Amino acid sequence: MENVKVAIDAKELAQRINRVLTKGKHRLVRSRSDSDKLNLGEWYVVSTSTNAVTSWHSDIVELAQETAALQPHEYFDPERPDKKPARERDEYY
């Protein structure tokens, strides 16, 4: 059998990392605005007890390796869209 690897999107990877970080009272957050991206980076870590940024410009791949969020048969694909396909409209509505 071939070694087939499954792509993981950013949302699912962030959820897995947050499951590990919540034990240490931290949370991984994605920047929403352009100014936040400039100041804090695409991803940053916040302390849930003090609500202060503890690590900015965090690399989600490095955090996944540190927290063992990815299984050996998985890889992170940054090009994969995070959104599910739109539902087909129901003709009855």
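Treat the numbers as computed from the prediction; the structure is a model and nothing was measured.

This paragraph deals with the environment of Ser47. The residue Ser47 is located in strand S3 (residues 43-47) in this model. Each C-alpha atom of the pair Ser47 and His26 lies 4.4 Å from the other, and the pair is 21 residues apart in sequence. Apart from the residues within four sequence positions on either side, Ser47 is in contact with Lys25, His26, Ala52 and Thr54. For Ser47, the side chain forms a polar contact with the side chain of Thr50, separated by 3.3 Å.

All of the buried residues in helix H3 (residues 60-67) are Ile60, Leu63, Ala64 and Thr67. Within H3, the buried residues cover an arc of 105° as seen down the axis, which keeps them to one side. Opposite its buried face, H3 presents the exposed residues Gln65 and Glu66, each directed more than 90 degrees away. Among the structural elements, helix H1 (10-21), strand S2 (26-30), S3 and strand S5 (74-76) are those in contact with the buried residues of H3.

Thresholds applied
- Residues numbered from 1 in each chain as written.
- Predicted model: local features only at pLDDT ≥ 70, side-chain atom pairs only at ≥ 80, totals over all residues.
- Heavy atoms only, no water.
- Helix = DSSP H or I, 4+ residues; strand = E, 2+ residues; numbered from the N terminus.
- Contact = heavy atoms within 4.5 Å.
- Polar contact = N/O pair within 3.5 Å; in protein donor to acceptor, adjacent residues only side chain to side chain.
- Buried < 20%, exposed > 50% of the residue type's maximum accessible area, 1.4 Å probe, protein only.
- Arc of directions from axis to C-beta.

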